[in-house]
Amino acid sequence: MALHSTAFCFTGAVSSYSHSSVKLGTHPTIKASSPLPRLNVRVKALPGDGLPETKETRESPLVVCFGEMLIDFVPTVSGLSLAESPAFKKAPGGAPANVAVGIARLGGSSAFIGKVGADEFGYMLADILKENNVNGAGMRFDPGARTALAFVTLRSDGEREFMFYRNPSADMLLQEAELDLSLITKAKIFHYGSISLITEPCKSAHIAAAKAAKDAGVVLSYDPNLRLPLWPSADKAREGILSIWETADIIKISEEEISFLTQGEDPYDDAVVYKLFHANLKLLLVTEGPDGCRYYTKDFSGRVQGLKVEAVDATGAGDAFVAGILSQLSTDFSLLQKEDQLRDALRFANACGALTVMERGAIPALPTREAVLNAIHAPVS
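Residues numbered from 1 in each chain as written. Predicted model: local features only at pLDDT ≥ 70, side-chain atom pairs only at ≥ 80, totals over all residues. Heavy atoms only, no water.

Under an unreviewed UniProt entry, the name given to the protein chain is Fructokinase-6, and the source organism is Citrus sinensis.

Caption draft 1: Fine view of the pattern of salt bridges. For the structure shown, the criterion picks out 13 salt bridges. Ionic contacts of the salt-bridge type, sharing partners, join the residues Asp270, Glu288, Arg294 and Arg303 into one network. (Salt bridge = Lys/Arg side-chain N within 4 Å of Asp/Glu carboxyl O.)

Caption draft 2: The packing of aromatic side chains, seen in detail. In this structure the tally under the stated criterion is 13 aromatic pairs. Where Phe162 meets Phe164, the ring centres are 5.6 Å apart and the plane angle is 10°; that geometry is what we call stacked. Take Phe164: its relative accessible area is 19%, and that puts it in the buried class. When the centroid spacing of 5.8 Å and the interplanar angle of 70° are considered together, the rings of Tyr222 and Trp245 count as edge-to-face. Taken together, the residues span a long stretch of sequence, with Tyr222 in strand S11 (residues 219–222) and Trp245 in the loop between helix H6 (234–243) and strand S12 (250–254) at a distance of 23 residues. Using a relative accessible area of 0% as the deciding quantity, one classes Tyr222 as buried. (Phe/Tyr/Trp six-rings, centres within 6.5 Å; stacked < 30°, edge-to-face > 60°. Buried < 20%, exposed > 50% of the residue type's maximum accessible area, 1.4 Å probe, protein only. Helix = DSSP H or I, 4+ residues; strand = E, 2+ residues; numbered from the N terminus.)

Caption draft 3: Structural detail: the environment of Ala137. Relative to the elements of secondary structure, Ala137 occurs in strand S7 (residues 135–142). Through-space distance from the C-alpha of Ala137 to that of Phe112 is 7.7 Å; in sequence the pair is 25 residues apart.

Caption draft 4: Quick peek at the pairing of strand S15 (residues 301–304). Side chains of S15 alternate between two faces, with Ser301 and Arg303 and Gly302 and Val304 buried alike. As defined by bridge partners, strand S14 (residues 293–296) adjoins S15 across four bridges and the pair is classed as antiparallel. Each residue of the ladder has a partner; that of Arg294, found in S15, is Arg303. Where S14 hands over to S15, the hairpin turn is made up of four residues, counted between the paired strands. (Pairing = 2+ DSSP bridges.)

Caption draft 5: Region of the structure containing the environment of Asp235. Within the fold, Asp235 resides in helix H6. Assessed through its relative accessible area of 54%, Asp235 is described here as exposed. Asp235 sits 25 residues away from Phe260 along the chain, and the two C-alpha atoms are 9.8 Å apart. Looking at Asp235, its side chain comes within polar contact range of the side chain of Arg238, at 3.1 Å. (Polar contact = N/O pair within 3.5 Å; in protein donor to acceptor, adjacent residues only side chain to side chain.)

Caption draft 6: Helix H9 (residues 317–329), seen in detail. Its 13 residues give H9 an end-to-end C-alpha distance of 19 Å, which sits within 8% of 18 Å, the value for a rise of 1.5 Å per residue. The element H9 is extensively covered by neighbouring structure, given that 13 of its 13 residues are classed as buried. (Expected span 1.5 Å × (residues − 1).)

Caption draft 7: Highlighting the packing of helix H2 (residues 95–105) against H9. Orientation of H2 relative to H9, taken along the N-to-C sense of each, is 45°, at an axis distance of 8 Å. Taken together, H2 and H9 sit at an angle that is classed as oblique. When the axes of H2 and H9 are compared, the crossing they make is right-handed. On H9, the residues touching Ala95, Asn98, Val99, Gly102 and Ile103 of H2 are Asp319, Val322, Ala323 and Leu326. Considering only residue class, the contact of H2 with H9 consists of six nonpolar, two polar and one charged. (Axes fitted to C-alpha atoms, helices over the stretch in contact; angles between N-to-C directions. Parallel < 35°, antiparallel > 145°, perpendicular 65-115°, else oblique. Left-handed = near helix turned anticlockwise from the far one by under 90°. Contact = heavy atoms within 4.5 Å. Nonpolar A, V, L, I, M, F, W, Y, C, P; charged D, E, K, R; others polar.)

Caption draft 8: Layout of unusual backbone geometry. Here the bond from Asn167 into Pro168 is cis, since omega is -10°, no more than 30 degrees from zero. Position of Pro168 among the secondary structure elements: in the loop between strand S9 (160–165) and helix H4 (181–185). Residue Pro201 is reached from Glu200 by a cis peptide bond, and omega for that bond is 5°. Residue position: Pro201 is located in the loop between strand S10 (189–192) and helix H5 (202–215). One non-glycine residue with positive phi stands out, namely Asn133, at about 60°. Among the secondary structure elements, Asn133 is positioned in the loop between helix H3 (120–131) and S7. Judged by relative accessible area, Asn133 falls into the exposed class, the value being 63%. With phi around 55°, Gln263 is a residue other than glycine that occupies positive phi space.

Here is the structure:
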């Protein structure tokens, strides 16, 4: 079954948006995207990047990512079924781990909490986190279960279908007693998905971790990252995803996920989107693949266009987008009250996603800060 639930479904050329405003009834006016100006992007200064170090750039607010880390096997030839693919490229992945690595690549501070098998793949994934400067203190190894695997079918447009091997895999077996609560409570942002809600004991561990973060005043970031074949049924998936909806401060969803959660309603209708906006939500982001994203706060809303790129593999693009925006918000939450600066941060996040689709695999394709800024100021042709 084809899954179109990740944030970016890049299919080639980018459609341009109209510059007229769209009225939302009693809600704020949608601000249309404008040509890309020079951005006021807040990121940690890196050695030798030519930026002056300030108190703000010396600080490195921690983003802790909770959930699955696995191995994606990506075909070397697009447009073929799994059976027809002549070979596969081994690539580390798993949405929360992708976000953690993405933030670190952008110069931010991140940590990963999750479980892998005490096997060669699990040790390889731990090494990859270390190599990418992600804090792996919260990673656990299960001697009785294997690291999860996912075989990915790439369509000719770069979109994917998945076949998972996790019966059960180690990520499903993380227990509440194994949580590194000290790591969670010192975070600025705690980020997670919904896959960790599917089975016990990981579901209880997820709920306990999020509660500990919330109680400590940590901002909660949620990307449902729908993978329908992993749930017992569509109804269970919808129920599970929405069960923690109102605890999140920041939510990122795709157009397809809006349709799924609202049982077929129009994801481009702002009245439909606002049905998913709860009273305590600070920011709702809707990703539109090559067309960029929409943003909704209590005070304003709008859309920001994406970059024009040639798509090879959309795996990890939505996670790169999340890494891009969380890397900005972790250093300055006032962006949520400053629309122009939030739009700059979202252009940066869109560029993160766009660059990721140009290579195969998720973590291998995640961009550096320098690459993102170069793409924004000299768009990829």
